[in-house]
Structure formats: C-alpha cells, structure tokens
Amino acid sequence: DEERLVEIDERTWSSRVSPAPPPAEPAFFRPHVEPTDTLVAEVEGRVVGYALIGTPTPLPASAHVQMIRGLAVDPAHQGQGVGRTLIDAAIAEATARGAVKLSLRVLSTNEGARRLYASAGFETEGVLADEFFLDGRKVITDRRAPFEADLDLGELPRKRSVKVLAYAKDGR
C-alpha cells in the first residue's frame, strides 16, 4: 500500500494545498509519518485516500490534543464522500486515543478542504496571516478545531462502500 500512498501524494500535491515541497523520495512512511498514525480509505479493495493523525507537539502538556496532519484523496475519488469518511474515522480514532480536541491547519487557497472541514463541524480557531509565501503570494493558514469528544455527525450519504483501515504497528 505504500506505493499507492506515494502515488496519491504525487497526484494531489500542489502549492495550493501544501506549503511543503513535493515529496522528493518515493517513500510515504518517514520519521514523522508513522504507520500507526495513518488511516487509509479503500474502495473495492484499492487505497483511494488517507488521513494522518497524531499529536501536534511532543509536549506532554498537549497530549490531550490530536491533529489531522494530512488528508488526501485520489482525484478520481474526490467528491464521493471519501474525504468526509476519513474525517469521521479521524474523529473516531482521536476519541479512542482519549483526545478532547482534534485540530488541523488548512491553507486559505485550499477551498475544497476548507468546505469539507466546515461541513464536518470544524470552525476557524485562529488565522496565521503571512505564514507562507507560495507562488509569490501571501497565503493565510486557518487553524481549525471543532470538537467535542462525543460529536455526532449523523448519517452520511454513501455513493460507494468506503472502508477505512488503521495500519498496525508493523505497517500492514
């Protein structure tokens, strides 16, 4: 599945959605990307998206917070509920880990993600003005958090069966 995750990264990366440079090496799992923090969405047995979660800092004082550190859906499967299913799975996983808050950051230029997060109940908690210059422009970053541990998002319409899997410690 790692090859497929790398492919999704390559197909979804742009300076509109990430301030980081495009992945330079064909490896998804790196020191800051652990298999145990990776949720994957499958449609008909094929990986079509992922969400990365984890603590926002290594400090014990923020151990009660989880953060969506990345979310990507293969463009061929966008607009079909996969992203929302991954957000629901991230909320469930954060709750299972004992989090009382789930946060994320999203660039102002990533309108699709901003709408998706808002539809899931995330609200802007703060704005990091002039945080990044991308393609010669200032880009604002929203900090968002919704989250009550018992947040009920209700039933979601499904066009396809999307299965979300958590990786085991051995990466399978």
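Before reading further, recall that the structure is shown in the block above.
Residues numbered from 1 in each chain as written. Predicted model: local features only at pLDDT ≥ 70, side-chain atom pairs only at ≥ 80, totals over all residues. Heavy atoms only, no water.

This structure, assessed with the given rule, holds 3 aromatic pairs. Pairing phenylalanine 28 with phenylalanine 29 gives two aromatic rings, centres 5.2 Å apart and planes at 90°, and the pair type is edge-to-face. Relative accessible area serves as the criterion here: at 1%, phenylalanine 28 is assigned to the buried category. Plain terms: the ring middles of phenylalanine 28 and tyrosine 50 are 4.8 Å apart, the flat faces sit at 75° to each other, and that makes the pair edge-to-face. Here phenylalanine 28 is found in the loop between α1 (2–12) and β1 (38–43), whereas its partner tyrosine 50 is found in strand β2 (residues 46–54), with 22 residues between them in sequence. Of the residues examined, tyrosine 50 reaches a relative accessible area of 7% and is grouped as buried. In textbook terms, an aromatic cluster arises when at least three aromatic residues are bridged by ring pairs, as seen for Phe28, Phe29 and Tyr50. (Phe/Tyr/Trp six-rings, centres within 6.5 Å; stacked < 30°, edge-to-face > 60°. Buried < 20%, exposed > 50% of the residue type's maximum accessible area, 1.4 Å probe, protein only. Helix = DSSP H or I, 4+ residues; strand = E, 2+ residues; numbered from the N terminus.)

Grouped together as the largest cluster of nonpolar side chains are 16 residues, with contacts concentrated most on Ile68, Ile87, Leu102, Leu104, Tyr117 and Phe122. Considering every element that reaches this core, the biggest residue donor is helix α2 (residues 82–96), with 5 residues. Beyond its immediate sequence surroundings of up to four residues, isoleucine 87 is in contact with Leu71, Leu116, Tyr117, Ala120 and Phe122. Leu5, Val33, Val40 and Leu52 belong to the second-largest nonpolar core, a separate cluster that totals 10 residues. (Core = buried A, V, L, I, M, F, W, Y, C linked by side-chain atoms within 4.5 Å. Contact = heavy atoms within 4.5 Å.)

On to the pattern of salt bridges, then. For the coordinates displayed, the defined rule picks out 8 salt bridges. With a closest N to O distance of 3.5 Å, aspartate 88 and arginine 84 form a salt bridge. Taken together, the positions of aspartate 88 and arginine 84, both in helix α2 and 4 residues apart, correspond to about one turn of that helix. Take arginine 84: its relative accessible area is 14%, and that puts it in the buried class. (Salt bridge = Lys/Arg side-chain N within 4 Å of Asp/Glu carboxyl O.)

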